[in-house]
Amino acid sequence: MSATTWVLLRGLTREAGHWGAFPATLCEHLHGARVLAIDLPGNGGLHRARSPVRIEDYVESCRTQLAALGVAAPVRLLAMSLGAMVAVDWARRHPEELAGCVLVNTSLRPFSPWFRRLRPANYGALLGLLRPGQGPRAREETILRLTSRHLWRGAEVVDAWVALREAHPVTAANALRQLLAAMRYRASRRAPAVPLLVLASPRDGLVDGRCSRRVAEAWGAEILEHPSAGHDLPLDDGPWVARQVAAWAGLGAADPAAATSCRSPASAHSPST
């Protein structure tokens, strides 16, 4: 297990740098496994690229990046939000390339309605992010408020995010194209032929936590829920995420006091690999 590369995929308009210290934390818990964060087209180092409007095109971009880096399959994916949709489609199209997927706070058609996949109370704030004239710090403060429940080091996080925004600005057009891709994507009702772990935050203020539960129930996957974190679960409690992933991978003990496990008896896959 530890020799396998873990590939991290972020969400809407976010880049590899938004993982912060989490890749190092995950690497430590996975006993030195290679952990590689890559960008989706239109974000981060690819911010000058045109974001696709189809999830399958993001999959092909990721596969091309790994091939260019000489990363051999199979790999394991840890992906959140939009990135988790990419992971799901990758698992459907090329299951032989993946040894497992960890899906963090995702939402998928046809398992959840639109008003749970993106809470309507946030529409005004999200549209405000696209309006010209709003400064980068104000934008990042809004994103932090929407995605985090643990704001004890908010100023430090916002400083880092502002620097990322200024270094790799995401255009409004690309942000809309990514949102369109997420809205259009429809997953198969059949579970991917890849071992799955779902991590979720019932207190997620951006996406209803029931969306992750519906995915896990439909596909017979194990789901672990954090008691207090927001949408950006790796930001709010990266060590917790790393512990759960390591336990699922057979490399450590889970934290029973901080997680609730509910696995459907219909599962076709083992939760560990």
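The structure we're discussing is the one just above.
Residue numbering note: each chain is counted from 1, following its sequence as written. With the structure being a predicted model, the display of local features is reserved for residues of pLDDT at least 70 and the display and counting of side-chain atom pairs for 80 or more, all residues being used for whole-chain, interface and lining totals. The basis for every side-chain value is the complete set of heavy atoms in the structure, and neither hydrogens nor water enter the calculation.

Draft legend 1. Examining the pairing of strand 3 (residues 75–80) more closely. Of all six residues in strand 3, six are buried, a share of seventy percent or more. The criterion for strand pairing is that DSSP finds at least two bridges linking the strands in question. Working definition: helices are DSSP H or I runs of at least four residues, strands are E runs of at least two. Numbering for both runs from the N terminus. In the sheet, strand 1 (residues 6–9) pairs with strand 3 via four bridges, with the strands oriented parallel. Note on strand 3: the bridge partner recorded for Val 7 is Leu 77. Direction of pairing for strand 3 relative to strand 4 (residues 98–104): parallel, over a ladder of six bridges. Within strand 4, the position partnered with Arg 76 by the bridge is Gly 100. Orienting the strands away from the viewer, one traces the path from the first strand over the helix to the second; a clockwise path indicates a right-handed crossover. Of the crossover connections in this fold, the one passing from strand 3 over helix 3 (residues 82–93) to the parallel strand 4 is right-handed. Working definition: with a 1.4 Å probe on protein chains only, accessible area under 20% of the residue-type maximum means buried, over 50% means exposed, and in between means partly exposed.

Draft legend 2. The arrangement of the layout of surface pockets in detail. Cavities and pockets were defined on a 1 Å grid built over protein atoms only: a cavity is a set of grid points that admits a 1.4 Å probe from which the probe cannot escape, a pocket is an open set flanked by protein on both sides within 12 Å along at least five of seven lines, and lining residues are those with an atom within 4 Å of any such point. Grid points are joined across faces, edges and corners, and a volume is the space filled by probe spheres set on the points. Taken as a whole, the second largest pocket holds about 320 Å³ of empty space. Taken together, 22 residues line the second largest pocket, and the ones lying closest to its centre are Trp 19, Gly 20, Ala 21, Arg 153 and Leu 235. Looking at the lining of the second largest pocket element by element, the count peaks at six residues for helix 10 (residues 233–248). All residues other than Ala, Val, Leu, Ile, Met, Phe, Trp, Tyr, Cys, Pro, Asp, Glu, Lys and Arg, Gly among them, are scored as polar; the first ten of these are nonpolar and the last four charged. In terms of residue class, the lining of the second largest pocket is made up of 11 nonpolar, five polar and six charged.

Draft legend 3. Broad picture of the environment of His 18. Relative to the elements of secondary structure, His 18 occurs in the loop between strand 1 and helix 1 (22–29). Remark: the alpha-carbon pair of His 18 and Gly 44, spanning 26 residues in sequence, is separated by 9.2 Å. We call two residues in contact when some of their heavy atoms are within 4.5 Å. In this structure, His 18 is in contact with Arg 10, Trp 161 and Leu 164, ignoring residues within four places of it in sequence. Any N or O atom pair separated by 3.5 Å or less is treated as a polar contact, with the protein-specific requirement of one donor-capable and one acceptor-capable atom, and with residues adjacent in sequence counted only for side-chain atom pairs. A polar contact of 3.2 Å, which involves the side chain of His 18, links it to the side chain of Arg 14.

Draft legend 4. Quick look at the nonpolar core. By size, the foremost hydrophobic cluster in this structure holds 40 residues, and its most contacted members are Cys 101, Leu 108 and Trp 219. At the level of elements, strand 1, helix 2 (55–68), strand 3, helix 3, strand 4, helix 8 (172–184), strand 5 (196–200) and helix 9 (210–219) are the ones that each hand at least two residues to this core. Of the residues forming this core, the biggest block, eight residues, is contributed by helix 3. Those residues in contact with Trp 219 that sit more than four places away from it in its chain are Val 88, Leu 103, Leu 108, Phe 111, Ala 187, Ser 188, Arg 189, Arg 190, Ala 191, Pro 192 and Leu 196. Formed by 24 residues, the second largest nonpolar core is a distinct cluster that contains Leu 30, Leu 224, Trp 248 and Ala 249. In these notes, a set of buried Ala, Val, Leu, Ile, Met, Phe, Trp, Tyr and Cys residues joined through side-chain atoms within 4.5 Å is what counts as a nonpolar core.

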